[in-house]
Amino acid sequence: MNPYATPIVAFSLILGTTITISSNHWILAWTGLEINTLAIIPLIAKSHHPRAVEAATKYFLTQAAASALVLFSSMTNAWATGQWDITQMNHPTSCLLLTAAIAIKLGLVPFHFWFPEVLQGSPLMTALLLSTLMKFPPLTLLLLTSKSLNPALLTTMALASTALGGWMGLNQTQTRKILAFSSISHLGWIAIILVYSPKLALLTFYLYAIMTSAVFMALNKIKALNLTMILTSWTKTPVLNATLMLMLLSLAGLPPLTGFMPKWFIIQELTKQEMTPAAMAIAMLSLLSLFFYLRLAYHSTITLPPNSSNHMKQWYTSKTPSTPTAILASLSILLLPLSPMMHAIV
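Residues numbered from 1 in each chain as written. Predicted model: local features only at pLDDT ≥ 70, side-chain atom pairs only at ≥ 80, totals over all residues. Heavy atoms only, no water.

S.K.: Just to check I follow, could you spell out the overall build of the protein chain for this structure?
M.R.: Check the secondary structure of the protein chain and you find 16 helices and zero strands. The C-alpha radius of gyration computed for the protein chain amounts to 20 Å, which stays within 12% of the reference 20 Å derived for 346 residues, consistent with globular compactness. Principal-axis analysis of the C-alpha atoms gives the protein chain an extent of 70 × 50 × 35 Å. With 346 residues in all, the protein chain has 53% of them scored as buried. Within the protein chain, residue pairs in contact and separated by at least 24 positions form 78% of the contacts whose partners lie at least 6 positions apart. By element, 70% of the accessible surface of the protein chain is carried by carbon and sulfur atoms, the whole surface being about 15,200 Å². Of the side chains in the protein chain, 17 bear a positive and 6 a negative charge, and the two mean positions are spaced by 18 Å. (Helix = DSSP H or I, 4+ residues; strand = E, 2+ residues; numbered from the N terminus. Rg over C-alpha atoms; globule rule 2.2 N^0.38 Å. Buried < 20%, exposed > 50% of the residue type's maximum accessible area, 1.4 Å probe, protein only. Contact = heavy atoms within 4.5 Å. Areas by Shrake-Rupley, 256 points an atom, 1.4 Å probe, with all protein chains shown as cover. Lys, Arg positive; Asp, Glu negative; His and termini not counted. Charge placed at Lys NZ, Arg CZ, Asp CG, Glu CD.)

S.K.: Can you walk me through the packing of helix α1 (residues 5-22) against helix α2 (residues 26-45) in this structure?
M.R.: Between two packed helices, what matters for the description is the angle formed by their axes and the separation of those axes. Running from amino to carboxyl end, α1 crosses α2 at an angle of 155 degrees, the nearest separation of the two axes being 7 Å. One element, α1, and the other, α2, form an angle in the roughly antiparallel class. Our pair here, α1 against α2, has a crossing hand that is left-handed. Here V9, S12, L13, L15, G16, T17, I19 and T20 of α1 come into contact with α2, specifically with L28, A29, G32, L33, I35, N36, A39, I40 and L43. Taken together, the residues of the contact of α1 with α2 sort by class into 11 nonpolar, six polar and no charged. (Axes fitted to C-alpha atoms, helices over the stretch in contact; angles between N-to-C directions. Parallel < 35°, antiparallel > 145°, perpendicular 65-115°, else oblique. Left-handed = near helix turned anticlockwise from the far one by under 90°. Nonpolar A, V, L, I, M, F, W, Y, C, P; charged D, E, K, R; others polar.)

S.K.: Is there a simple way to think about the pattern of salt bridges in this case?
M.R.: When charged atoms on two side chains of opposite charge get close, those side chains can pair. What the rule picks out here adds up to three salt bridges. A salt bridge links K58 to E54; its shortest N-O distance comes to 2.8 Å. Of the two residues, K58 and E54 are both situated in helix α3 (residues 50-81); the distance of four residues between them amounts to about one turn of the helix. Assessed through its relative accessible area of 29%, K58 is described here as partly exposed. Look at E54 and you get partly exposed, because its relative accessible area is 41%. One salt bridge in this structure joins K177 and E117, with 3.4 Å as the shortest N-O distance. Placement of the pair is K177 in helix α9 (residues 175-193) and E117 in helix α5 (residues 114-120), with a sequence separation of 60 residues. The exposure class assigned to E117 is partly exposed, which follows from its relative accessible area of 29%. Taken together, the shared-partner salt bridges connect E54, K58, E117 and K177 into one network. (Salt bridge = Lys/Arg side-chain N within 4 Å of Asp/Glu carboxyl O.)

S.K.: Sorry, what's going on with the nonpolar core here?
M.R.: One recurring pattern in soluble globular proteins: nonpolar side chains tend to sit buried together. Core analysis: the biggest nonpolar cluster contains 101 residues, and Y59 and L219 have the highest contact counts within it. At 14 residues, the largest contribution of residues to this core is made by helix α10 (residues 198-222). When residues are assigned to domains, this core turns out to be shared by domain 1 (1-122) and domain 2 (150-345), each giving three or more. Look past the residues within four positions of Y59 in its chain and what remains in contact with it is T37, I40, I41, I44, W114, V118, L130 and M134. (Core = buried A, V, L, I, M, F, W, Y, C linked by side-chain atoms within 4.5 Å. Domains from an automatic or database assignment.)

S.K.: When you look at the side chain of S122 in this model, what are you seeing that I'm missing?
M.R.: Structurally, S122 can be placed in the loop between α5 and α6 (124-131). With a relative accessible area of 1%, S122 lands in the buried category. Leaving out residues up to four positions away in the same chain, S122 has contacts with I44, A127, L130 and R176.

S.K.: Which parts of the structure should I look at to understand the UniProt feature "transmembrane region" (unreviewed entry) in the protein chain?
M.R.: UniProt marks residues 57-76, 96-115, 152-171, 178-196, 202-219, 239-258 and 278-298 with the feature "transmembrane region" (unreviewed entry), using the numbering shown here. Taken end to end, residues 239-258 is 70% helix and 0% strand, and its first and last C-alpha atoms sit 19 Å apart. Taken end to end, residues 278-298 comprises 100% helix and 0% strand; its first and last C-alpha atoms sit 30 Å apart. (UniProt positions renumbered as here; feature names shortened; annotations may be inferred.)

S.K.: Mind showing me how you'd approach the domain arrangement of the protein chain here?
M.R.: As assigned here, the protein chain comprises domain 1 (1-122) and domain 2 (150-345). Taking only C-alpha atoms, the centre of domain 1 and the centre of domain 2 are 24 Å apart. Tallying the contact residues gives 16 residues for domain 1 and 18 residues for domain 2. Summing both partners gives a buried area of about 1,500 Å² for domain 1 against domain 2, and 75% of it is carried by carbon and sulfur. (Buried area = accessible area lost by both parts, 1.4 Å probe.)

Structure representation (structure tokens):
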């Protein structure tokens, strides 16, 4: 890539995200989403590999369809109510169309099919952006319109996302696909609580973004694209591999790690809302994703590779992980003691 391209793309991503999250008018929000989509495509396709070009094409087509639906739903609402304000989404058909459009943008079930394929065709750091930053603007639109959305529809999509994200991740060996299904599963937790406690949904997203960023940066450091490469990387960065195990268990939501906090709060809030069956269902379904997190953790630290491995063992290196990786890893492991303060905020 041209050296000038990276700062332009970074500026466009920040600009698009800022426009969408700070706008009150539907056209401005749509413009921000479009800037984001066009800015990330060069990062996906920059390797010029056929798989990367295919991923960029799939991403463009799905995001274009979702943006068209966002525009159509906002125009239908403006036609019926005379309002272009994002918080005044009162027309039932418009709300339904908007929910479908944002679900496509986020990768919620049943509109999730593009997400694992696009992540698999992208470099690890681009996959990190797709899993975290690119989900923030659509999620903001859902938060702003949360009072008008259908709770039953969102709960159904959330439970389906948690089930399918866990189930389809079981048989994967590619780390990017595993993290894609992990993302779909976590989006289920965010979607189920969105209508009842938007602040808690936002806190869940923030903590998910911290944990996922830490995992992606660790995998990028050890250049691990599949389970076998994780298995043979312990000779190169033993401390980072041990930390990676803790970060993965945190993503799984095991106490006493950071990832337990949002799941604990969500189950508590759902019980308060007299949705105990939904709380039980989503807690049970998260056990599916726990399996593949445990498998990743097992490969990263707990087991040694057999001597017959086809991969050459990597030499130990004294290079330490970067400061952002260290900070994010610490946050993704050690934030549970702050639960009382977080609970007071939400």
